[in-house]
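Observations on chain architecture
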Amino acid sequence: MHHPFITRFTLAALTAGLIAGCAAPPRAPTSTAAREAPSTASTPTSAAPKPVLIIGHRGASALRPEHTLASYQKAIDDGADIIEPDLVATKDGVLVARHENDITGTTNVAEVPEFADRKRVKVIDGERLTGWFTEDFTLAELKTLRARERIPKLRPANAKLNDQFEIPTFDEILKLAELAAMKRGRPVGIYPELKHPTYFRGIGLPLEERLVTALQGSAYAKTVPVYVQSFEATPLRTVKRLLGNSMPNVMIVQLIGNPRSRPADWRLAGDTRTYADMLKPIGLREVATYANGIGPEKNSVIPRDANGNLASPTALLANAHAAGLVVHPYTFRPENAFLPKSLRAPGDDATRNPAGMISEIQTFAAAGVDGVFTDDPALGRRAVDPPANGGH
């Protein structure tokens, strides 16, 4: 995309400005009460290997506090094809990026005296939670908070960056991706996840319409790969209906959780089926009526054996591809705590083993996955790029 009026200096300044804004000291609080067609089941051995998408899970969250502009920028710098923001809503209806609407563990909110009375007890998707929630804050109020590392014991280096970055809006993430794409000369895809969409619709803050409005209002989002994902099925059907034929570049991806669990929208509707039903061939064919792909937990693709090592692939990849669905499993992380036992390094759970994560992704790529969600996109690139290419 050619932008004749944006010089290289302006581009750098704008990108730096976006991130610097998220690293600014806290302001005083206000005083206010989801591509290409899937591969065929068999590919001639002479054909070039299909590319495996590297999806920056919450940015480069192994290296920066998740869901910050700094994390997304690091993911882009490290070669991610796509960055993944989880989206929730503010009290005034703005989409912001947080892993959950409960921000107790990912911001400094518990230490802000002015917001002490915002602490609530809520039931969200059947789970009773106590904390502070995005829907009880305006955007202006959330902007006074600062992001914190969600798993500090496993990522102490990230914890040293606590309180340096703001909570970004979806619009800010789109702008960052656009500027970064111009700088690197290739697209930065967007993979937004709708978090607890049935819950948000129930409190009068539906996410689906807000997401579609944001995408349709962005010239950039109309020209790059966009994947809209959720663990719930009904909201994805809603997004598909709202988009119609307006954005053929947008793909829908059904996330699949623990096979024994039920999607929140199904449970609330009295549907007794579980994710296990979604993983069956008939379930995958139903998913294909509204989605282009699935995002399963990686153990559903290649489980671990009794010793904690990778076993043989299940039939899921073949069945999903037969239904016309791409497969993007989650989540590949470099710390011992998340690696198969045979791929761990000497040390404790927080010890990083880059070679172990690279080997794990390569095993999944050889099995035929179409993309991977990873907290360390640089290692993801090393796993899937041919050595002769030298990476991106």
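Note that the structure is predicted; figures quoted are calculated from it, not measured.

Concerning the layout of surface pockets
For the largest pocket, the calculated volume is near 790 Å³. If you trace the largest pocket, you find 37 residues lining it, with Glu 100, Glu 193, Lys 195, His 196 and Phe 231 closest to the centre. At the level of secondary structure, the elements contributing two or more residues to the lining of the largest pocket comprise strand E6 (127-131), strand E8 (193-194), strand E9 (226-230) and helix H9 (264-268). Class assignment for the residues of the lining of the largest pocket results in 12 nonpolar, 10 polar and 15 charged.

Focus on the environment of Ile 82
Position of Ile 82 among the secondary structure elements: in strand E2 (residues 82-84). With 110 residues separating them along the chain, Ile 82 and Pro 192 place their C-alpha atoms 9.9 Å apart. What Ile 82 contacts, discounting residues up to four positions off in sequence, is Leu 53, Ile 54, Ile 55, Gly 56, Gly 189, Ile 190, Tyr 191 and Tyr 227.

Quick notes on the confidence of the model for the protein
Scored by pLDDT, the protein has a mean of 90; 86% of the residues are at 70 or more. Taken together, the stretch residues 1-16 has pLDDT below 50 and engages in 14 contacts with residues farther than four places along the chain or on a different chain. In this model residues 24-46 is a low-confidence stretch, pLDDT under 50, and it forms 49 contacts with partners more than four residues away in sequence or in other chains.

Some remarks on helix H5 (residues 170-184)
Residue pairs spaced three or four apart in an α-helix point in one direction, given the helix's 3.6 residues per turn. If you check H5, its first and last C-alpha atoms are 21 Å apart, about what 15 residues at 1.5 Å a residue would give, namely 21 Å. Every buried residue of H5 is listed here: Phe 170, Ile 173, Leu 174, Leu 176, Ala 177, Glu 178, Leu 179, Ala 180 and Ala 181. Remark: Gly 185 follows H5 within two positions and exhibits a positive phi of approximately 80°.

Thoughts on the pattern of salt bridges
By the definition in use, this model includes 29 salt bridges. The shortest N-O distance in the salt bridge between Arg 118 and Glu 141 comes to 2.9 Å. Of this pair, Arg 118 sits in the loop between strand E4 (95-97) and strand E5 (120-124) while Glu 141 sits in helix H3 (residues 139-142); the two residues are 23 residues apart in sequence, bridging distant segments of the chain. For Lys 195, the salt bridge goes to Glu 193, with nearest N and O atoms at 3.4 Å.

Considerations on the pairing of strand E1 (residues 53-57)
Summarising burial for E1: 5 of the 5 residues are buried, a large majority. Taken together, the 4 bridges between E1 and strand E13 (residues 371-374) define a ladder with parallel strand orientation. For Leu 53, the partnering residue across the bridge sits in E13 and is Gly 371. Pairing analysis gives 3 bridges linking E1 to E2, with the strands arranged parallel. Directly across from Ile 55, in E2, lies its bridge partner Ile 82.

Section: unusual backbone geometry
Put simply, Tyr 330 and Thr 331 share a cis peptide bond, and its omega is -15°. Looking at the secondary structure, you find Thr 331 in the loop between strand E12 (326-327) and helix H13 (354-367). With a phi close to 50°, Asp 125 is a non-glycine residue in the positive phi region. Looking at where Asp 125 falls in the secondary structure, it is placed in the loop between E5 and E6. We classify Asp 125 as partly exposed; its relative accessible area is 26%. One non-glycine residue, Asp 163, lies in positive phi territory at about 70°.

Notes on the nonpolar core
Nonpolar side chains in soluble globular proteins tend to end up buried together. In this structure, Ile 83, Phe 170, Val 228 and Ile 294 are the most contacted members of the largest nonpolar core, which totals 85 residues. Looking at which element gives the most residues to this core, the answer is H5, with 7 residues. Not counting chain neighbours up to four residues away, the residues in contact with Phe 170 comprise Pro 85, Leu 87, Leu 95, Val 96, Ile 190, Pro 192, Leu 211, Ala 214 and Leu 215. Residues Leu 53, Met 251, Val 253 and Tyr 330 belong to the second largest nonpolar core, which totals 9 residues.

Details of the packing of aromatic side chains
With the rule as written, the count across this model stands at 7 aromatic pairs. Ring centres of Phe 115 and Phe 137 lie 5.0 Å apart, and the angle between their planes is 85°; on these two criteria the pair is classed as edge-to-face. Here Phe 115, found in the loop between E4 and E5, pairs with Phe 137, found in the loop between E6 and H3; they are 22 residues apart in sequence, far enough to count as distant. Here Phe 115 matches Phe 137 in class, with each residue buried.

Definitions and cut-offs
- Residues numbered from 1 in each chain as written.
- Predicted model: local features only at pLDDT ≥ 70, side-chain atom pairs only at ≥ 80, totals over all residues.
- Heavy atoms only, no water.
- 1 Å grid on protein atoms, 1.4 Å probe; cavity = no way out; pocket = protein on both sides within 12 Å on 5 of 7 lines; lining within 4 Å.
- Points joined across faces, edges and corners; volume = space filled by probe spheres on them.
- Helix = DSSP H or I, 4+ residues; strand = E, 2+ residues; numbered from the N terminus.
- Nonpolar A, V, L, I, M, F, W, Y, C, P; charged D, E, K, R; others polar.
- Contact = heavy atoms within 4.5 Å.
- pLDDT = per-residue confidence, 0-100.
- Expected span 1.5 Å × (residues − 1).
- Buried < 20%, exposed > 50% of the residue type's maximum accessible area, 1.4 Å probe, protein only.
- Salt bridge = Lys/Arg side-chain N within 4 Å of Asp/Glu carboxyl O.
- Pairing = 2+ DSSP bridges.
- Core = buried A, V, L, I, M, F, W, Y, C linked by side-chain atoms within 4.5 Å.
- Phe/Tyr/Trp six-rings, centres within 6.5 Å; stacked < 30°, edge-to-face > 60°.

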